[in-house]
Amino acid sequence: MAETEDRIIRINIEDEMKSAYIDYSMSVIVSRALPDVRDGFKPVHRRILYGMSELGNTSNKPHKKSARIVGEVLGKYHPHGDSSVYFAMVRMAQEWSMRYLLVDGQGNMGSVDGDSPAAMRYTEARLSRLAEEMLKDIDKETVDFQLNFDDTLQEPTVLPTRIPNLLVNGASGIAVGMATNMAPHNMTESIDAIVAYIDDRDIDTDGLMQYIKAPDFPSGGFIYGYQGVRDAFETGRGRVVMRGRAEIETEGNHEKIVITEIPYLVNKAELIKHIADLVGEKRLDGISNVNDESDRQGMRIVVDIKRDANANVVLNKLYKLTALQSSFSVNNIALVKGRPRTLNLKDMISLFVEHRIDVVIRRTTYDLRKAEERAHILEGLIIASDNIDEVIALIRASKSPQEAIESLMNRFSLTEIQSRAIVEMRLRQLTGLEQDKLRNEYDEIQKLIAYLNEILSNEDLRMQVIKDELIEIKNKYGDARRTEIVYASEELNPEDFYANDEMIITVSHFGYIKRTPLTEFRAQNRGGVGAKGSETRDADFIEHIYPASMHNYILLFTQKGKCFWLRVFDIPEGSKNSKGRAIQNLLNIESDDKVTAFIRVRGFSDTDYINSHYLVFCTQAGVIKKTRLEAYSRPRQNGVNAITIREDDRVIEVLMTDGDSEILIANRNGRAIRFHESDVREMGRTATGVRGMRIDEDGQDEVIGMLAMSKEDQKTHTIMVVSEQGYGKRTNLNDKDEEGNDLFDEDGNIIPVYRITSRGGKGVKTLNITDKTGKLVSINSVTDDNDLMIINKSGITIRLKVSDIRTMGRATQGVRLINLGKRNDEIASVCKVDSEDEEDIEIAEIELDEDTQNNSSLDENEEINN
């Protein structure tokens, strides 16, 4: 019993687990998962190449069965599973995995579709010429050897590579507590960078990046954006965005996207399946078919685009939603003197150069020793050839070879090595020709010894040798870059996913918003009944319509004076008959607030643009305020205060000006005031503003709109006003002759139709308000190239050409623009859009009563004067 207890060693389980786990993790880190910075190999790859070399499986010999190679490596150097050796060897033969192949494979070595290689008994392999350069001089004591797993053989701890393998082929591996992921690079660029480092040891990362631009992936494609590359080169960590190469081809009216290169490590079959799945799930629109047409000539994935889809938009969605755009997370961890270390570009280059220096010194020392040994023997042979008769006599007189050796040593003061060489000399070396060869060889050996000694003593010459060998490798194996670099682009721009089409933004009275392509609204002749424009909730109606393009910013201003930002493509799309989506679901708007004004802005990146433009606010009570656009150029999710509003007032209009516009404000009772915007001083974002127009004190009057007319607008635009009952007209801002030129008074001043006053007045008549016309609802500045979009409160929409409406006097009633019928209806909103070259559209079939039919038979060009 006591004897049994003596065998039990009591240990703390926590300490034992710590120790065992640390031992295991260090074994994985050093002996399995991380590459050595010098030759860029993990042990398995190094053993495969060395095993093939020892088998004589070189590039100038026939291929050998993979099973033979795996057995050799397994039995002698790598005591792990056969599949681990085979798959590691296969990867070194795959052109889509390795930038520079190290194994020349024959047979099915797998595919870019993720197919497994054939069994090792079917495939064959041999070393590539490039791999032989990595093993060159290994027999010259250039690297340290260690015992194999069973202490019966020697294996190299590192290869004496002439190739910066870690740079050109990269590496990946998962250790314990750390991982490595190193990108491949171009051979030519890498060697140029190493030569530059040898010439100038103080060169920095920026200097090296003049030579080695970025990773160069075997699959080609694009590197999209440069910041990740710079981070990786400077710190050893970075995210490199990769894109496949895709072109848009057109056959007649049919477009298709042809993908010829995919990002590194992307599985082609899975990419195609993912695209098909996205189309099936309706997450990716515009694709009718996906087909793999790849063959021996190369990769070709064809994505057919539907006729009504935009190929550029579909391509950008492919980049966003599929592996056609992927990222490579660089993590440069390698073993430096047996310890893992994160390396930047200069570290990898300097440590490789250190290894080459060490290899060249050890090789030169070996060659020098061998040369001196040969020179020593040649000295003895030359002495013997000079005294050949006496040497022959001594050898013939000796009873044994050993006696002959000793006799020669004593007679000619030779060493045993020299004497043995003389005794073993062949008779043919006694000829005169052979004796001349001995002397010539001795002279050459002496020159070689001098050269080798100089390499060892002269650092500049040593570095020149390293450079020459690198340049030789570059000339033999260097090639052109496969992966192109797109420097200017970084993250995916949301604009890339949407064609910059023209849209109509509509907002209902209850705050439902949508965008509809302008092409859905077709032009009608003046006086038409209109087409159904939107299905809204009972008692709801379309209140605002604004044109904008998809890439614009929309600044949304609420009646309480807050400003929000939306990109047009963020507004949900709907047909002209759909309801839209509540703005409250898109923006953080208070429940008792609603959007009353929109400004279309092309962007905020141009500082000159945002500092030279102003936003002019107008409220229902006639207050006006002017603030620089720059004050609204920093979008915030929760919006910002745009103007301070009095309790009984609300914002009705916000316009953008260039600082030199004239302002027109119109009220519900049919008057308008005109003044220059310089009358309104610039104020801060949260200011209240000043009085722009004095409204009537009848309890019903209010400001219904504001215009900002630039000098160019004043020459080409007319003032369009529309009343509740569908009457409207155009009026010139200034008096014009029949040809449309401004008229001048005796003093040379333009004669205004709307006279210019100071802000704060009551204005002049702009529409003669009667029971028949109803109150004024809208004022716009228009040209003959505009159409009017008119929507009444029941949701009926009409689009008519402005050119069909004659220009009339300021104090007239105008003409009927839209027929409201006997429905108790009114005009809700009017806006202008660019005209289209389209003829009449379908008109909604609406039953008209007798009075309405009689009214509609009036002469539509009739001008009803005051």
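Residues numbered from 1 in each chain as written. Predicted model: local features only at pLDDT ≥ 70, side-chain atom pairs only at ≥ 80, totals over all residues. Heavy atoms only, no water.

Labelled according to an unreviewed UniProt entry, the protein appears under the name DNA gyrase subunit A, originating from Dysgonomonas mossii DSM 22836. Looking at the protein in UniProt, the text filed under Subcellular location (unreviewed entry) is "Cytoplasm". According to the UniProt record, the Catalytic activity (unreviewed entry) comment for the protein reads "ATP-dependent breakage, passage and rejoining of double-stranded DNA." (UniProt positions renumbered as here; feature names shortened; annotations may be inferred.)

Turning our attention to the environment of Glu647. Note that Glu647 resides in the loop between β28 (640-641) and β29 (651-657). For the pair Glu647 and Lys560, spaced 87 residues apart in sequence, the C-alpha to C-alpha distance is 8.8 Å. (Helix = DSSP H or I, 4+ residues; strand = E, 2+ residues; numbered from the N terminus.)

Turning our attention to the sheet that holds strand β31 (residues 671-676). Hydrogen bonds between backbone groups are what pair the strands of a sheet, and the pairing can be parallel or antiparallel. Strand order across the open sheet formed by 4 strands is β33-β30-β31-β36, with antiparallel pairing between neighbours. Pairing within the sheet leaves two strands with one partner each, and these edge strands are β33 (703-709) and β36 (764-765). (Pairing = 2+ DSSP bridges.)

This paragraph deals with the sheet that holds strand β27 (residues 623-628). One open sheet accounts for 4 strands, arranged β29-β26-β27-β32; its pairing is antiparallel. Looking at which strands have only one partner, the edges of the open sheet turn out to be β29 and β32 (690-691). Pairing of strand β26 (residues 614-619) with β27 involves 5 bridges; the strand directions are antiparallel. Its bridge partner lying in β27, Tyr614 is registered against Arg628.

Okay, the packing of aromatic side chains next. Following the criterion strictly, the structure yields 12 aromatic pairs and no others. For the pair Tyr50 and Tyr77, a centre-to-centre distance of 5.5 Å together with 65° between the ring planes defines the contact as edge-to-face. Residue Tyr50 is found in helix α3 (residues 43-54), and its partner Tyr77 is found in the loop between α4 (66-76) and α5 (82-91); the two are separated by 27 residues along the sequence. Both residues of the pair, Tyr50 and Tyr77, count as buried. (Phe/Tyr/Trp six-rings, centres within 6.5 Å; stacked < 30°, edge-to-face > 60°. Buried < 20%, exposed > 50% of the residue type's maximum accessible area, 1.4 Å probe, protein only.)

A separate point is the nonpolar core. Burial of nonpolar side chains together is a common tendency in soluble globular proteins. Among the nonpolar cores identified, the biggest contains 106 residues, and Ile48, Leu49, Leu102, Met187 and Ile349 are the most heavily contacted of them. Here the element with the most residues in this core is helix α13 (residues 345-386); it accounts for 15 residues. No fewer than three residues from each of domain 1 (25-192) and domain 3 (347-477) sit in this core. For Ile48, the residues in contact, after removing those within four places along its chain, are Val73, Val85, Ala88, Met89 and Met92. With 23 residues, the next largest nonpolar core counts Ile272, Leu284, Met299 and Val303 among its residues. (Core = buried A, V, L, I, M, F, W, Y, C linked by side-chain atoms within 4.5 Å. Domains from an automatic or database assignment. Contact = heavy atoms within 4.5 Å.)

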